Amino acid sequence: DGIRNHTPDDPQPATLEGQIVRLADRIAYLQHDIEDAIRAGVLTQRQLPAKHLKVLGNNILDRMVKSVILNSRNHKTIKMDHSVQEAMDGLYDFMYRHVYTNPAAKQEEEKVPELIHQLFRFYHYSAAFQKGFKEADQLQHTVDFIAGMTDRYAINKFQELFVPDEWRKPV
């Protein structure tokens, strides 16, 4: 239920577990996308909409999670306070307009297939990584491993594996 109905375009999940998966997924993506966009220089903290930050405060993640806990306890649905929900939705709209469709961010996406290709080659042909797996299972093992990586983890692994240490040190 949580996997089948986890996006906002899907029907509301029927189970509490499905509802929490849907909301947790949305909260986590928003938080990480904001952090990644700031780190990448696509936007600055000051560019985030003040009216939404007024509701969510300095620790957006903490505010959203607490709101879910406080507004779901002893209820038959998982939800957050209406004002917090509106602020989160407003931040999503802002991120869509300024980050997800931003030409600089879209240009970075072009690098992803090569990153994934290089990680796949490394892990799929690594005897140490594939040790203990039957040859027939190696492909699926590699695909599952890479599919489970977060963006940040994949980038860090790529840098660790393919970028010389000297080039990774801060200047």
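Residues numbered from 1 in each chain as written. Predicted model: local features only at pLDDT ≥ 70, side-chain atom pairs only at ≥ 80, totals over all residues. Heavy atoms only, no water.

Trainee: I would appreciate a short explanation of the overall build of the protein in the present structure.
Mentor: The secondary structure content of the protein amounts to ten helices and zero strands. Shown N-terminal to C-terminal, the secondary structure of the protein runs as helices and strands in the order α-α-α-α-α-α-α-α-α-α. Taking 2.2 N^0.38 as the reference for a compact globule, 171 residues should give roughly 16 Å; the C-alpha atoms of the protein span a radius of gyration of 20 Å, well beyond that estimate. Once the C-alpha set of the protein is aligned to its principal axes, its extents read approximately 50 × 40 × 25 Å. (Helix = DSSP H or I, 4+ residues; strand = E, 2+ residues; numbered from the N terminus. Rg over C-alpha atoms; globule rule 2.2 N^0.38 Å.)

Trainee: Any chance you could explain the packing of helix α1 (residues 16–39) against helix α3 (residues 60–72) here in plain terms?
Mentor: The description of two helices packed together rests on the angle between their axes and the distance between the axes. Closest axis-to-axis distance for the α1/α3 pair is 10 Å, and the angle between their directions is 170°. Classified by the angle between their axes, α1 and α3 sit roughly antiparallel to one another. Along its contact with α1, which presents Ile20, Leu23, Ile27, Leu30, Gln31 and Ile34, the element α3 presents Ile60, Leu61, Met64 and Val68. Tallied by class, the residues present in the contact of α1 with α3 amount to nine nonpolar, one polar and no charged. (Axes fitted to C-alpha atoms, helices over the stretch in contact; angles between N-to-C directions. Parallel < 35°, antiparallel > 145°, perpendicular 65-115°, else oblique. Contact = heavy atoms within 4.5 Å. Nonpolar A, V, L, I, M, F, W, Y, C, P; charged D, E, K, R; others polar.)

Trainee: Just checking my understanding: could you explain the pattern of salt bridges for this structure?
Mentor: Once their charged atoms are close, side chains differing in charge can pair, the charge on each being opposite to the other. Taken as a whole, this structure holds six salt bridges when the rule is applied. With a shortest N-O distance of 3.7 Å, arginine 152 and glutamate 35 are connected by a salt bridge. Taken together, the positions of arginine 152 in helix α9 (residues 151–162) and glutamate 35 in helix α1 put the pair 117 residues apart, joining distant regions of the chain. Classification of glutamate 35 as partly exposed rests on a relative accessible area of 30%. A salt bridge links arginine 39 to aspartate 36, with the shortest nitrogen-to-oxygen separation between them at 3.0 Å. With a gap of three residues between them, arginine 39 and aspartate 36 both fall in helix α1, about one helical turn apart. If you follow the salt bridges from partner to partner, you end up with Glu35, Asp36, Arg39 and Arg152 in one network. (Salt bridge = Lys/Arg side-chain N within 4 Å of Asp/Glu carboxyl O. Buried < 20%, exposed > 50% of the residue type's maximum accessible area, 1.4 Å probe, protein only.)

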